[in-house]
Amino acid sequence: MPAIDPFAEPSAVSRILIDAVREAGALALDMFGRELKTWTKSGSSPVCEADIAVDRLLRARLTAAAPDYGWRSEESGDDPARLAAKRVWIVDPIDGTRAYIRGLADWSVAAALVESGRPLLGVIFAPVEAALFAAAAGHGASVNGTAIRASEGSKLEGASVAGPHRHLERLAAAVPGIETMEKIHSLALRFARVAQGTLDVAFAGRSSNDWDLAAADLLVHEAGGALTDIEGRILTYNRADPVHEALVAAGRTRHRALLDIVGTRKREFA
């Protein structure tokens, strides 16, 4: 694969990212359901052979295409040189590894290209359902080539909400009548559902990382939504510490209504 100019031809970069994530998803799907070697890493997070295989494929494809870009993946050792790079690939080879190992469908491959702390391109592929989400800054978001939009309106009663159980309980106490949804194990896919408009609100706890979020963040914003911390701050990526605080995503008007509620109960939602 020929190298690309790091600061030109955004459409070429987008195609390279989409093709790489699609290929990675096909590899993960081929290994899905097999008996795989598994182990745990720091924080008791599970890892399996497929995580490593997909990570190697993505790194080979993306770094070959853009050698000057930095690299940050959940399954690769951290290279501090990324902090000085203008553009950085941020990758989660399999987001939702627990679901993947258990044979559940709600896992995905997520990758983003970040510049100056914010995502320029984002792709999330859910291979089991053959759904490929893509977004480019300033150019909207899509699934399988069809444009998507976050759900509109400010009403919280009756809104479908997914996230950690304690967040759902606390929101339900403040807003009776919300529709709590089953857990979506892939955090990237959980937020992609908000961008798609099939889920009105999604929360994340305070342990999420750059690789869980960067692609989904761009999807949500390009689909007319907002994804921020519970104080309404936009996220910054490619910092020394990739961990983020508690987060909430929704269509923009509903997101503002949520912040009004959460703002009076920050300790409960943090």
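Refer to the structure above for everything that follows.
Residues numbered from 1 in each chain as written. Predicted model: local features only at pLDDT ≥ 70, side-chain atom pairs only at ≥ 80, totals over all residues. Heavy atoms only, no water.

So, the packing of helix 5 (residues 187-196) against helix 6 (residues 210-222): which residues are in play, and what are the values?
Close contact between helix 5 and helix 6 brings their axes to 8 Å; oriented N to C, the two are set at 0 degrees. With respect to their mutual orientation, helix 5 and helix 6 come out roughly parallel. Within the contact between the two elements, helix 5 uses Leu-187, Ala-188, Phe-191, Ala-192 and Ala-195 and helix 6 uses Asp-212, Leu-213, Ala-216, Leu-219 and Val-220. Residue composition of the contact of helix 5 with helix 6, grouped by class: 9 nonpolar, no polar and 1 charged. (Axes fitted to C-alpha atoms, helices over the stretch in contact; angles between N-to-C directions. Helix = DSSP H or I, 4+ residues; strand = E, 2+ residues; numbered from the N terminus. Parallel < 35°, antiparallel > 145°, perpendicular 65-115°, else oblique. Contact = heavy atoms within 4.5 Å. Nonpolar A, V, L, I, M, F, W, Y, C, P; charged D, E, K, R; others polar.)

How would you sum up the environment of Lys-266? Please name residues and give values.
Position of Lys-266 relative to the elements: it lies in helix 8 (residues 266-269). Judged by relative accessible area, which is 36%, Lys-266 ranks as partly exposed. Between the alpha carbons of Lys-266 and Glu-231 there is a distance of 8.1 Å; along the sequence they are 35 residues apart. (Buried < 20%, exposed > 50% of the residue type's maximum accessible area, 1.4 Å probe, protein only.)

Hey, could you go over the packing of aromatic side chains for me, with residue numbers and the actual values?
Enumeration according to the criterion identifies 5 aromatic pairs in this entry. The interplanar angle of 50 degrees and the centroid separation of 5.3 Å between the aromatic rings of Phe-32 and Trp-107 together place this pair among those described as tilted. With Phe-32 in the loop between helix 1 (10-31) and strand 1 (38-40) and Trp-107 in the loop between helix 3 (97-102) and strand 5 (108-115), the pair connects residues that are 75 residues apart, well separated along the chain. Look at Trp-107 and you get buried, because its relative accessible area is 0%. Measuring from ring centre to ring centre gives 5.7 Å for Phe-203 and Phe-269, while their planes differ by 25 degrees; the resulting arrangement is stacked. Of this pair, Phe-203 sits in strand 12 (residues 201-204) while Phe-269 sits in helix 8, placing them 66 residues apart in sequence. (Phe/Tyr/Trp six-rings, centres within 6.5 Å; stacked < 30°, edge-to-face > 60°.)

I'd like a rundown of the nonpolar core, residues and numbers included.
Grouped together as the largest cluster of nonpolar side chains are 39 residues, with contacts concentrated most on Ile-124, Phe-133, Ile-148, Phe-191 and Leu-219. Element by element, the count of residues in this core is highest for helix 6, at 8 residues. Those residues in contact with Phe-191 that sit more than four places away from it in its chain are Ala-202, Phe-203, Ala-204, Leu-213, Ala-216, Val-220, Leu-227, Leu-247 and Ala-249. Judged by nonpolar contacts, the second largest core, of 33 residues, contains Leu-17, Ala-24, Tyr-69 and Val-123. (Core = buried A, V, L, I, M, F, W, Y, C linked by side-chain atoms within 4.5 Å.)

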